[in-house]
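Remarks on the overall topology
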Amino acid sequence: QAQIQEMCERLEVRLAANDREDEERSQVQAQMQDMVARLETRLEANDREDEERSKAQAQMRDMYERLEGRLAANDHEDEERSKAQAQMQDMFERLEGRLAAN
């Protein structure tokens, strides 16, 4: 009977140790699940930020292209104005020459 009592006590000690280990494992698992959830949240936030940056970059690229187009149009208009001004200057000089000859 003493042996049975001793065996029962040892089994109770082992059972208590197993219970503590199970509790520790549960705590570690809960911590890991919490960490995974936080990392997933951060990843989703980073994905949203990346998407917003991509949209902003595309808008900037579009704006740049439109401004380049407007600048090219302005350059063309400036060139046409310069040609017209040169023609008018030439006509004015010819007219002055004719007036002086008269």
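Structure's up top.
Given the structure is predicted, the values throughout are model-derived calculations rather than measurements.

1. Things to note about the overall build of the protein
The helix and strand tally for the protein stands at one helix and zero strands. Radius of gyration (C-alpha) of the protein: 43 Å, far over the 13 Å computed for a compact globule of 102 residues. For the protein, the spread of C-alpha atoms along the three principal axes comes to 150 × 10 × 10 Å. Per-residue burial for the protein yields a buried fraction of 0% across its 102 residues. Accessible surface computed for the protein: about 10100 Å², of which carbon and sulfur atoms make up 52%. Charge separation in the protein, taken as the distance between the mean sites of 16 positive and 27 negative side-chain charges, equals 3 Å.

What counts, and at which threshold
Residues numbered from 1 in each chain as written. Predicted model: local features only at pLDDT ≥ 70, side-chain atom pairs only at ≥ 80, totals over all residues. Heavy atoms only, no water. Helix = DSSP H or I, 4+ residues; strand = E, 2+ residues; numbered from the N terminus. Rg over C-alpha atoms; globule rule 2.2 N^0.38 Å. Buried < 20%, exposed > 50% of the residue type's maximum accessible area, 1.4 Å probe, protein only. Areas by Shrake-Rupley, 256 points an atom, 1.4 Å probe, with all protein chains shown as cover. Lys, Arg positive; Asp, Glu negative; His and termini not counted. Charge placed at Lys NZ, Arg CZ, Asp CG, Glu CD.

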